[in-house]
Amino acid sequence: MSKFNFWLQRAAQVIIVLLIVTFGASLLLRLIPVDLATILIPNGSESEREILRNEIGLNKGPIGYYLQWLGDFVQGDLGKIYFSGGTETVSDHLAKAMPRSLLLMAYTQVFALSVAIPLGVISAYRAGRRTDRIISNILFVMASIPGFAIALILIIVVGVKLAWLPTLGYATYSEGIWEHFKHMLMPVLSLSFGLIATYTRLLRADMIASLREDYVTMAMSKGLSDRRILWKHVFRPSSITLFTSAALSMGGLIGGAIVIESIFATYGVGFEIFAAIAGRQYISLQSCVAVISLFYVFFNLVVDIGSGFVDPRTRDRRANV
Amino acid sequence: MSSLMSIKNMSVNFDTPGGSLEAVRGVDIEIPAGMSVGVVGESGSGKTVMCRAAMGLLQGSTVNRTGTVIFDGHELTAMSKEQVRELFGSGMAMIFQDPLTALNPVRRIGAQLSEGLRIRLGMSKSDAMARSKELLELVRIPNAAAVLKSFPYQLSGGMRQRVMIAIAIACNPKLLFADEPTTALDVTVQAQILQLLRELREDLNMSMVLVTHDLGVVAGNTDYVAVMYAGEVVEYAPTKKLFADMRMPYTEALLDSIPRVDHKSGTRLSVIAGRLPDPTHRPAGCGFAPRCKYAQDKCTTDHPELKTDPDGHVYRCWFPIGEAL
Ligand code: SF4
């Protein structure tokens, strides 16, 4: 199979996955056993509801409704959010929320990886010894505290008692880089703890397996320093699981930081979902789910492409299958 | 004749959950300068561990090595890991059984080959690359420039083994440990690799320890042979002498297990019936007793001492071949 065919097939897979996910979300919406138009505009008159039903296809069957939603979605119309006073578009909301969530995700990943990678390498190198045991105990604690608990502790200690950092809200770059990071620090920390524990353990396990390989003994017999062997010879072949896991958790960080985004009121995508559920804005919910699944699929592709760079064998295996 | 490496009373134990595992015990081996010494035994006899321990490549908190190893005037067993490392590459080097696992799967051949040159010999990147290409040509790899840019999995088994040899000889070592260098290869390629090793040894004036389970390989490629069984050296003699006047029943059994030429290729190696003793619970007597056709009562109760014939032929047996009972 040629490379072109591989990517063609991969693209087909992606599209099928996206269709299934979005159709599922759409179907769920239709399974709610009450009239959606009534939920979306509870204070509207029957004629207003009828207009709404026609507008978004609620009067069609589930498939007809889905196709209409899909047609709008690919044209950039993600539906509306209905207030008592009027409507706003979901795309406007996401345009504001998405950059915040993306930044939060990026900072969290960079921070978690830059802590987890050295920790994983050290604990694999010192496996079974004191350093390793200490690190693994700390990680155990870190993994056991849920993110919202960390968030609350941080808010009470760092935000309220010490008053070092703002406890709420978001600041854009234009409001000052420093201000921006001050608002991001606590959410990032709250989201990172669990990830650091997961990443470190993944990397440690794979590094320990790699350290038993002959090529490590070979590298030793060349007279290389342990540091060089660890970073140049062992880290890369051991990092595939780590990077796969990191890439896959990005989708989750974008839409799944619902609790943390709500606690710190950063108004990202997670918060948008929370608001959609709380305000019963199911069209918005459906479109948010679709956008997030787009990201999941995108980062899956990143894993596919990236693993070829990390391990050249995958690249050729692909071309030869 | 001066000795390049001398291993004295070396033992290696591994701490395992099931107790201490004695992989090597009380080994004495001399490696004369410029010579090739074969180390022969079944898999599990401790030959690989012996070599790695002698060179100082076994690390970890579960490894206990005792005894003395002297290499080229340095007492390795009294030196720190960092000091021993200085001798790797230009002093001692090793090639491994399976080049697919011994070469780093994600790094290009050029990077793996030039690395030693840059770190051990302090060459610049471009010098090291140029030298790497020469080294690949030295081990008769056609199209060396392309191979430098390849990954190990893109090469054939024979080519990979040549690459590994090139890496090992890159810094002109005085002593090369070759651990089953041909076992993973086809018969024809085996012969080529052994031939290459012979020539390189001569050209570079390099001593070699050739580890193998195959006495046939030892015959044409070594000056001395040490036969190992259950972690011990059970026979040591000049190769010619060993084949002419075998004393050790185990060595004889090994020789009988060499597959004959008339065997169809692909048939399993005939092996000596029975198994090696459990390395966590060594028997009191001779470890070979349950499998030995010469065994007597004494063999199961008393551990045989090393005996040395007047001509220097060493063996560990109560009832050696060629001795009247
Ligand atoms: S000591 Fe006895 S059992 Fe052991 S090899 Fe010699 S004859 Fe055989």
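As the structure is a computational prediction, the values presented were derived from the model and not from experiment. (Residues numbered from 1 in each chain as written. Chains lettered and ligands numbered in written order. Predicted model: local features only at pLDDT ≥ 70, side-chain atom pairs only at ≥ 80, totals over all residues. Heavy atoms only, no water.)

Caption draft 1: Spatial organisation of the interface of chain B and chain A. Every contact between the two is made by 30 residues of chain B and, on the other side, 25 residues of chain A. Looking at the side of chain B facing chain A, the largest losses of area belong to B:V106, B:E115 and B:Y153, adding up to 23% of the total buried there. The interface formed by chain B and chain A holds five salt bridges in total. Across the pair A:K222 and B:E115 runs a salt bridge whose closest N-O atoms are separated by 2.8 Å. Summed over the shared surface of chain B and chain A, the number is 15 residue pairs in polar contact (both at pLDDT 80 or more). Elements that contribute at least two residues to the side of chain B that touches chain A include exactly α1 (47-55), α2 (81-85), β6 (92-95), α3 (99-102), α4 (109-121) and α7 (157-169) of chain B. (Contact = heavy atoms within 4.5 Å. Buried area = accessible area lost by both parts, 1.4 Å probe. Salt bridge = Lys/Arg side-chain N within 4 Å of Asp/Glu carboxyl O. Polar contact = N/O pair within 3.5 Å; in protein donor to acceptor, adjacent residues only side chain to side chain. Helix = DSSP H or I, 4+ residues; strand = E, 2+ residues; numbered from the N terminus.)

Caption draft 2: The arrangement of the domain arrangement of chain A in detail. Residue and element names in this part refer to chain A. Looking at chain A, the domain boundaries give domain 1 (3-90) and domain 2 (93-312). Taking the mean C-alpha position of each, domain 1 and domain 2 sit 32 Å from one another. Taken residue by residue, the interface counts 26 residues in domain 1 and 20 residues in domain 2. Across the interface of domain 1 and domain 2, roughly 2100 Å² is buried in total on both sides, 71% from carbon and sulfur atoms. The interface formed by domain 1 and domain 2 contains one salt bridge. Across the salt bridge formed by R10 and D304, the nearest N and O atoms sit 2.3 Å from each other. There are nine residue pairs in polar contact (both at pLDDT 80 or more) connecting domain 1 and domain 2. Every element with two or more residues in the side of domain 1 that touches domain 2 is listed here: α1 (3-31), α2 (36-40), α4 (62-74), β1 (80-82) and β2 (87-89). For the side of domain 1 that touches domain 2, the element with the highest residue contribution is α1, accounting for ten residues. In terms of residue class, the side of domain 1 that touches domain 2 is made up of 19 nonpolar, four polar and three charged. (Domains from an automatic or database assignment. Nonpolar A, V, L, I, M, F, W, Y, C, P; charged D, E, K, R; others polar.)

Caption draft 3: Broad picture of the state of the cysteines. By the definition in use, this model includes zero disulfides over all chains. In this structure B:C171 is a free cysteine whose sulfur lies 20 Å from that of B:C51, the closest cysteine sulfur available. (Disulfide = S-S within 2.5 Å.)

Caption draft 4: A look at the nonpolar core. Grouped together as the largest cluster of nonpolar side chains are 158 residues, with contacts concentrated most on B:M5 and B:M50. Considering every element that reaches this core, the biggest residue donor is helix α5 (residues 90-125) of chain A, with 13 residues. When neighbours within four sequence positions are excluded, B:M5 is seen to be in contact with B:I29, B:E30, B:I31, B:A54, B:V69, B:I70, B:F71, B:L76, B:M92, B:L175 and B:F177. In terms of nonpolar packing, the next biggest core, distinct from the first, is built from 22 residues, B:V227, B:Y229, B:M248 and B:C292 among them. (Core = buried A, V, L, I, M, F, W, Y, C linked by side-chain atoms within 4.5 Å. Buried < 20%, exposed > 50% of the residue type's maximum accessible area, 1.4 Å probe, protein only.)

Caption draft 5: Broad picture of a nonpolar patch on the surface. All names here are of chain A. On the surface, a nonpolar cluster with roughly 780 Å² of combined accessible area is contributed by F140, V141, I145, I153, I156, V157, L162 and W164. Tallying contributions element by element places helix α7 (residues 147-161) first for the nonpolar patch, with three residues. For W164, the location among the structural elements is in the loop between α7 and α8 (177-211). On the basis of relative accessible area, W164 is assigned to the exposed category, the value being 60%. (Patch = residues over 30% accessible without salt bridge, like charges linked within 9 Å, V, L, I, M, F, W, Y side chains within 5 Å. Areas by Shrake-Rupley, 256 points an atom, 1.4 Å probe, with all protein chains shown as cover.)

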